[in-house]
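Listed below are the residues making up each chain.
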Protein chains: 2
Amino acid sequence: MAAETQTPPIHFGIIGCADIARKVSRAISLAPNAVLSAVASRSIEKASLFAKANKFPPEAKIYGSYEALLDDPDIDAVYLPLPTSLHVKWAVVVAQKKKHLLMEKPVALNVAEFDVIVKACEENGVQFMDGTMWVHNLRTAKMREFLSDSERFGQLRAIHSCFSFAGDPDFLKNDIRVKPDLDGLGALGDAGWYCVRSILWANDYELPKTVVALHGPVLNEAGVVLSCGASLHWDDGRLATFFCSFLSNLTMDITAIGTKGTLNLHDFIIPFQDKEASFIVNSKCFFNELVTSWEPIPSEHTVTTDIPQEVCMVREFSRLVGDVKNGSKPESKWPIISRKTQLILDTVKMSIEKGFVPIEIKS
Amino acid sequence: MAAETQTPPIHFGIIGCADIARKVSRAISLAPNAVLSAVASRSIEKASLFAKANKFPPEAKIYGSYEALLDDPDIDAVYLPLPTSLHVKWAVVVAQKKKHLLMEKPVALNVAEFDVIVKACEENGVQFMDGTMWVHNLRTAKMREFLSDSERFGQLRAIHSCFSFAGDPDFLKNDIRVKPDLDGLGALGDAGWYCVRSILWANDYELPKTVVALHGPVLNEAGVVLSCGASLHWDDGRLATFFCSFLSNLTMDITAIGTKGTLNLHDFIIPFQDKEASFIVNSKCFFNELVTSWEPIPSEHTVTTDIPQEVCMVREFSRLVGDVKNGSKPESKWPIISRKTQLILDTVKMSIEKGFVPIEIKS
C-alpha cells in the first residue's frame, strides 16, 4: 500500500457511453487509486448527460469527440466500451496517444484484430487489460486456491461452464450484440467470452489441443450466433464444455471436476450479492455404507468483501499503470490470457463454419 | 391406499448378491407393500451370508441356484442385479417363470438385447421396471412441477448432466464395470445411464433427433469406456450435453435451463441426505440497476421425506405388480423410458466408434 500512496491516482477517460460504462464509472470513482476525469461521446450532450447521471466529479471534462479526449494530456488511461467492430480502430489510437487501455470484452472480432491492438499497446509501452471483472473478485482467488490444492482438488479432469440470458424481443432485434456490423460475434463474443475465460482459468491458462463446436448453434438471419456451445480437449484427456446463449434464462454456472474435488458455483460472472460471494466445495466426498447419502456433504464457502469485483479490476489496472509510470514494463499476463480467450472464440467460430469439425489450436 | 391394503404384499426374490442388492434389500423390507422372501446365489453359502448380513426375515428362503428361486411359486417378483452381460439370459427366464422384473441398470448391453427382455415380459404379462431410483424421489416430482411451469420455467432450452466418481486402482482394474465381458458399457452404462435418463426426463422423454459423442473419450485397454460425453439435439434447437466418468471426483449435477427459469442440483442420483433433498430454483432472476448483483437471487427448495427414494421405487413397482395380479395390464411407461435410455447409450457408443459423427435417432 505504501507504493500506492506514493503514486498519484490514475486519471481515466471513458470513450463511449455504453450501459456497461455506468458500472465501470462507479468502479473508477470507488477505486482508491483512480479518478474519473473525462468522458467523450460523438454527441457532447450525450456525454454531458452521462457524466451527470453517473456522478462524475464537477472538474471532470466532457468531450464531444473521442479525439479530443485522447489529446488531453491529463488523461492517463482510457476505458473503451465501444461496439466490438470499432475496437481495433480506436484502441490503436488510444495506444498511439500513450494512454493505457482498459478494453471492454470481447476485445476484437478476431485474433488478427486483437494482435493489431496489442502490438500498438506494446509499441507504445501502455498497459492492456480486458474488462473481464469476475477474475478480479476475491472469491476467484479463493477458488484458485482450491483448484491448486493437490489434496483437496487434485488434477482437473473436466469443466463445464455456462452463461446464458434471455434477451427480450427488442434485444434480439436491436441490440448491438445481434448486429453483424457491430458485435459480430454475438452470444459467442458476449457470453461465450466468459465461459472460455473460466475454462482457461481453471486450466491455468493452458490452451487446449483441439476445439469442436457443438452441433445446432442458433444464428439469426444476419448470421450472428444467438446460442452455441463447444467442447475443448487437452492431450491428457481433460475435457471442457461450454454453452452460451441469448435465448435461455439467466444462468452462470461453473462445474470444475478434479480427481479429488469438485467446484460448483452459479453466479461466476456477477455474484448474487455485492458484498459476499460463495462457491461450493466437494472434496473427497463419498457415500455412507448403504449408498443412500453422502459423507461428508459438500460445503459452501463464502467470501465477504467491501470492494466489488469491478472496483478490484480498476484498482489492479491502475496499480499496473502506476507501475508503468514509475518505470516498470507493462504486465504481459493480461494481454496473454486475453489473446488465448480470443483465440478460442475464433476457433469455435471456425468449427461452426466448417461444419463442427475439430480444429487444432495453434498458439 | 385402500387398494394397497386389500392387495397382499409382493414377495421378492433377489438373484445375485451384488453390492447394490444390499440397498435394494433394505428398500424391499421397508416398503409397506413388499416382502423380502428369498435370495439366490450360485453359492448357497454366499446367499446365506447375504441374507444374514442384510437382515432378511427368518422365514426367507436361501437358494444355491437362480433356477431354484425362479421355480418357487411363492415369489411374485425378482430383483436382478447381475452383471449386464447376464441380464438378457436371466431376465427372459424370470419372465417365462411369470415373475415380475425389477432390473438393475443398465438394462442390457444394447437395444437388441433390451427388446428381447421386454418382449419376454410382454409375452408373459409381467411388469418391467429398471432400477433407476432417483426418478422415484419425491424431490423429482417437485422438480417436474417446476419444469412444467410455463411461467416459472418456460420451455426447456438446454440441459447439462454429469455423473462421475473416481474409481480407485482396484476398481479400475477389477470391477465388473470395467470388464468387456461383464458390464461392457463401462462408465457409459453405469454412470452415463443416469445422465441420459435425466436428460430424457427433463425433455418429457421426447427423444432427440441427433446424438454426437464428444471427442476424447477415455477407454481402457480392453476398449471399455472409462470416461466420455455427448451432445443431444432436438429439432427446435434444444441442446443437452452430458459427461460421465470413472476417473473424476464424485459429481452429480443437473443444470436445466428454460426460457424463464433454471434448475440446479448437485446430488440428483443419491441425495446428500436420507431424509431431505434440495434443488435450486432460479426463476425470472435478473440484475440490479447497475448490474452488480442479482434480483431476486435463486432460492433453494427442500423436500423432506421419511421414505428414501429406493423405497419409493420398490413401493411403486410393487403397487404395479399388485395391479397386474388384480387383472390390470402391466404399466408400459417404465419399459418405454427405459428403452429410450438404452437407445441413447447405443447411439453414443456408435458415434464414438464411428469417429464422433452425428447419429440420427430412429425410435
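Predicted model only: the values in this text are computed from it and were never measured.

1. Describing the overall build of chain A
Item 1. The helix and strand tally for chain A stands at 11 helices and 18 strands.
Item 2. A globule of 363 residues ought to have a C-alpha radius of gyration of about 21 Å, and chain A, at 21 Å, matches this closely.
Item 3. With the C-alpha coordinates aligned to their principal axes, the bounding extent of chain A is approximately 70 × 50 × 40 Å.
Item 4. The buried share among the 363 residues of chain A stands at 62%.
Item 5. When contacts within chain A are restricted to residue pairs at least 6 apart in sequence, long-range pairs at least 24 apart make up 69% of them.

2. Section: the sheet that holds strand β4 (residues 77-80) of chain A
All names here are of chain A.
Item 1. Here 6 strands make up an open sheet; going across it, the order is β3-β2-β1-β4-β5-β6 and the pairing parallel. Single-partner strands in this sheet number two, and they are β3 (61-63) and β6 (128-130). Between one strand axis and the next, the sheet turns by 25° as a mean value, whatever way the strands run.
Item 2. In this structure, strand β1 (residues 10-15) lies alongside strand β2 (residues 34-40), joined through 6 bridges in parallel fashion. Bridging across to β2, H11 finds its partner in V35.

3. What about the side chain of D183 of chain B?
Residue and element names in this part refer to chain B.
Item 1. Looking at the secondary structure, you find D183 in the loop between α8 (169-174) and α9 (186-202).
Item 2. Buried within the structure, D183 lacks any salt-bridge partner; its nearest side chain of opposite charge belongs to R177, at an N-O separation of 5.3 Å.
Item 3. The residues touching D183, leaving out its near neighbours within four places in the chain, are P83, T84, S85, I176, R177 and V224.

4. Brief notes about the packing of aromatic side chains
All names here are of chain B.
Item 1. Applying the stated criterion to the full structure yields 30 aromatic pairs over all chains.
Item 2. Ring centres of W134 and F268 lie 5.3 Å apart, and the angle between their planes is 85°; on these two criteria the pair is classed as edge-to-face. A residue pair is termed long-range when its members are at least 10 positions apart, and W134 in the loop between β6 (128-130) and α7 (138-147) and F268 in the loop between β13 (261-265) and β14 (276-283) qualify at 134 residues. Per residue, the accessibility class of W134 equals that of F268, and both read buried.

5. A word on helix α11 (residues 333-353) of chain B
Item 1. With 21 residues, α11 of chain B extends 31 Å between its outermost C-alpha atoms, agreeing within 8% with the 30 Å of an ideal straight helix rising 1.5 Å per residue.
Item 2. Trailing α11 of chain B by a residue or two, G355 of chain B shows a phi angle of about 90°, which is positive.

6. As for the interface of chain A and chain B
Item 1. Each side of the interface is counted separately: chain A has 58 residues, and chain B has 58 residues.
Item 2. Regarding the contact of chain A and chain B, the summed buried area is about 4,800 Å², with carbon and sulfur atoms giving 64% of it.
Item 3. One can count 2 salt bridges joining chain A with chain B.
Item 4. Among the ionic pairs, R22 of chain B bridges to E289 of chain A, the shortest N-O distance being 2.6 Å.
Item 5. Between chain A and chain B we count 28 residue pairs in polar contact (both at pLDDT 80 or more) in total.
Item 6. Sorting the residues of the side of chain A that touches chain B by element identifies α2 (20-30), β7 (156-166), β10 (225-233), β11 (239-245), β12 (247-258), β13 (261-265), β14 (276-283) and β15 (286-287) of chain A as the ones contributing at least two each.
Item 7. Considering every element that reaches the side of chain A that touches chain B, the biggest residue donor is β12 of chain A, with 10 residues.
Item 8. The class makeup of the residues in the side of chain A that touches chain B is 25 nonpolar, 22 polar and 11 charged.

7. So, the pairing of β13 of chain A
Residues and elements named next belong to chain A.
Item 1. With respect to burial, β13 is a largely interior element, 5 of its 5 residues being buried.
Item 2. Alternating positions in β13 separate into two faces, G261, L263 and L265 on one and T262 and N264 on the other, with burial throughout.
Item 3. In this antiparallel pair of consecutive strands, β12 and β13, the connection spans 2 residues.
Item 4. Across 4 bridges, β13 lies against β14 in antiparallel orientation. Among the inter-strand pairings, L263 is bridged to a residue of β14, identified as V281.

8. Brief notes about the relation of the copies chain A and chain B
These two copies of the chain differ by a rotation about an axis and a displacement along the same axis.
Item 1. If you rotate chain A by 180° and push it 0.0 Å along the axis, it lands on chain B with an RMSD of 0.0 Å. Viewed as a symmetry operation, the transformation between the two copies matches a two-fold axis.
Item 2. Most of the interface of chain A is mirrored in chain B, where 100% of its interface residues are also at the interface.

9. Notes on the UniProt feature "domain: Gfo/Idh/MocA-like oxidoreductase N-terminal" (unreviewed entry) in chain A
Item 1. UniProt's entry tags residues 10-129 of chain A with the feature "domain: Gfo/Idh/MocA-like oxidoreductase N-terminal" (unreviewed entry), counted in the numbering of this structure.
Item 2. With 41% helix and 22% strand, residues 10-129 of chain A has end C-alpha atoms that lie 15 Å from one another.

10. Some thoughts on the layout of surface pockets
Item 1. Of the pockets and cavities examined, the largest pocket occupies roughly 1,300 Å³.
Item 2. As for the largest pocket, its lining consists of 47 residues, of which D19, I20, D175, R177 and D190 of chain A are closest to the centre.
Item 3. Secondary structure elements with two or more residues in the lining of the largest pocket: α2, α5 (87-96), β7, α8 (169-174) and α9 (186-202) of chain A together with β15 (286-287) of chain B.
Item 4. Taken together, the residues of the lining of the largest pocket break down into 25 nonpolar, 8 polar and 14 charged.
Item 5. Computed from the structure, the second largest pocket encloses a volume of approximately 1,100 Å³.
Item 6. Lining the second largest pocket are 48 residues, with A18, D19, I20, R177 and D190 of chain B positioned closest to its centre.
Item 7. Mapped onto the lining of the second largest pocket, the elements with two or more residues apiece are β15 of chain A together with α2 (20-30), β7 (156-166) and α9 of chain B.
Item 8. Looking at the lining of the second largest pocket element by element, the count peaks at 4 residues for α9 of chain B.
Item 9. Residue composition of the lining of the second largest pocket, grouped by class: 25 nonpolar, 11 polar and 12 charged.

11. Quick word on the pattern of salt bridges
Residue and element names in this part refer to chain B.
Item 1. Tallied over the full model, the rule gives 50 salt bridges over all chains.
Item 2. Among the salt bridges present, the one from E310 reaches R26, with a minimum N-O distance of 3.2 Å. Note that E310 is positioned in helix α10 (residues 309-325) and R26 in helix α2, a separation of 284 residues in sequence.
Item 3. Among the residues examined, E310 registers a relative accessible area of 2% and is labelled buried.
Item 4. Overall, the relative accessible area of 26% leaves R26 in the partly exposed class.
Item 5. Close ionic contact of R319 with E316 constitutes a salt bridge, the shortest N to O distance being 3.0 Å. Separated by 3 residues within a single helix, R319 and E316 lie in helix α10, roughly one turn from each other.
Item 6. Accessibility expressed as a relative area gives 33% for R319, which makes it partly exposed.
Item 7. Among the residues examined, E316 registers a relative accessible area of 22% and is labelled partly exposed.

12. Observations concerning the environment of V118 of chain B
Residues and elements named next belong to chain B.
Item 1. For V118, the location among the structural elements is in helix α6 (residues 111-123).
Item 2. A residue is classified by how much of its surface remains accessible, and V118, at 8% relative accessible area, is buried.
Item 3. In sequence terms V118 and D71 are 47 residues apart; their C-alpha atoms lie 20 Å from each other.
Item 4. Setting aside residues up to four positions removed in sequence, V118 forms contacts with F128 and P335.

Conventions used here
Residues numbered from 1 in each chain as written. Chains lettered and ligands numbered in written order. Predicted model: local features only at pLDDT ≥ 70, side-chain atom pairs only at ≥ 80, totals over all residues. Heavy atoms only, no water. Helix = DSSP H or I, 4+ residues; strand = E, 2+ residues; numbered from the N terminus. Rg over C-alpha atoms; globule rule 2.2 N^0.38 Å. Buried < 20%, exposed > 50% of the residue type's maximum accessible area, 1.4 Å probe, protein only. Contact = heavy atoms within 4.5 Å. Pairing = 2+ DSSP bridges. Axes fitted to C-alpha atoms, helices over the stretch in contact; angles between N-to-C directions. Lys, Arg positive; Asp, Glu negative; His and termini not counted. Salt bridge = Lys/Arg side-chain N within 4 Å of Asp/Glu carboxyl O. Phe/Tyr/Trp six-rings, centres within 6.5 Å; stacked < 30°, edge-to-face > 60°. Expected span 1.5 Å × (residues − 1). Buried area = accessible area lost by both parts, 1.4 Å probe. Polar contact = N/O pair within 3.5 Å; in protein donor to acceptor, adjacent residues only side chain to side chain. Nonpolar A, V, L, I, M, F, W, Y, C, P; charged D, E, K, R; others polar. Least-squares fit on C-alpha atoms with pLDDT ≥ 70 in both. UniProt positions renumbered as here; feature names shortened; annotations may be inferred. 1 Å grid on protein atoms, 1.4 Å probe; cavity = no way out; pocket = protein on both sides within 12 Å on 5 of 7 lines; lining within 4 Å. Points joined across faces, edges and corners; volume = space filled by probe spheres on them.

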